[in-house]
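Listed below are the residues making up each chain.
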Amino acid sequence: MVGDVMIVRRCSQGHRVRIHRNTTPGATRTKTYADGSTETLTYPSSYDYFVDVDGDIKKRSNSFKVIEEFFVSECAKKHGDGHGRLIVGKHNLVNGVATTQAEYPTMSLTKAKIKDFYDKRGISYSSSENKSELLSRIVINIEASNTKHMRK
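**Section: the confidence of the model for the protein**
Piece 1. Put simply, the protein has an average pLDDT of 78, and 79% of its residues get 70 or more.
Piece 2. In the model, residues 140-152 has pLDDT below 50 throughout and makes 4 contacts with residues more than four positions away in sequence or in other chains.

Laid out in structure tokens, this is it:
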């Protein structure tokens, strides 16, 4: 969550398909990127959740199940098979992106594929990092996540 903006899920393939929690009904948010481009989104005046596809609100609902099913169908239109609905114990959310254990990068991947994993999940890294440094970043995240879950 950034300020009052809450993106609950984002497309795992980097497409602009997002589930938002409607934390500020009726508000208009404008984000300006480093390249000067802008993105504007006006939150619905009611409903708890909504799906934004390429900047347009396509679905509104008070039911997370309804919204998530719509989100999954919109992702499938963009890139075919996806993760489906979140399943506790099967998926981790990494910056709003459903991720299975099998998707985490390993040393067998190229540096470009590891960076792609990070880019799709909004994880920052230095362009000068080597594969080991990149992989150590995600291992820390996995260990922190597992430790947090083990404490409960």
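**Description of the side chain of E68**
Piece 1. With respect to the helices and strands, the residue E68 is situated in helix α1 (residues 64-79).
Piece 2. Here E68 falls in the buried class, since its relative accessible area comes to 2%.
Piece 3. Polar side-chain contacts of E68 include one of 2.7 Å to the side chain of R9.

**What about the side chain of E74?**
Piece 1. When you line up the elements, E74 lands in helix α1.
Piece 2. Relative accessible area serves as the criterion here: at 9%, E74 is assigned to the buried category.
Piece 3. Within the structure, the side chain of E74 is placed 2.7 Å from the side chain of K77, a separation counted as a polar contact.
Piece 4. Not counting residues up to four positions away in its chain, the partners in contact with E74 are V17 and V53.

**Structural notes on the sheet that holds strand β5 (residues 49-53)**
Piece 1. What the 4 strands build is an open sheet, ordered β1-β2-β5-β6; its pairing is antiparallel. The open sheet has two edge strands with one neighbour each: β1 (6-10) and β6 (56-61). Taken over all neighbouring pairs, the strand axes of this sheet differ in orientation by 30 degrees on average, direction set aside.
Piece 2. Summarising the sheet, β1 and strand β2 (residues 17-21) pair through 4 bridges and their orientation is antiparallel.

**What to know about α1**
Piece 1. Here α1 spans 22 Å end to end across 16 residues, near enough to the 22 Å set by a 1.5 Å rise per residue.
Piece 2. Inspection of α1 places I67, E68, F70, F71, E74 and C75 among the buried residues, and these make up the whole buried set. For α1, the angular spread of buried residues about the axis comes to 160 degrees, placing them on one side.
Piece 3. Lining the buried residues of α1 we find β1, β2, β5 and β6.

**Concerning the environment of T28**
Piece 1. Within the secondary structure, T28 sits in strand β3 (residues 28-32).
Piece 2. Apart from residues no more than four positions distant in its own chain, T28 is found in contact with T40, L41 and T42.
Piece 3. Of the polar contacts made by the side chain of T28, one reaches the side chain of T42; its length is 3.1 Å.

Conventions used here
- Residues numbered from 1 in each chain as written.
- Predicted model: local features only at pLDDT ≥ 70, side-chain atom pairs only at ≥ 80, totals over all residues.
- Heavy atoms only, no water.
- pLDDT = per-residue confidence, 0-100.
- Contact = heavy atoms within 4.5 Å.
- Helix = DSSP H or I, 4+ residues; strand = E, 2+ residues; numbered from the N terminus.
- Buried < 20%, exposed > 50% of the residue type's maximum accessible area, 1.4 Å probe, protein only.
- Polar contact = N/O pair within 3.5 Å; in protein donor to acceptor, adjacent residues only side chain to side chain.
- Pairing = 2+ DSSP bridges.
- Axes fitted to C-alpha atoms, helices over the stretch in contact; angles between N-to-C directions.
- Expected span 1.5 Å × (residues − 1).
- Arc of directions from axis to C-beta.

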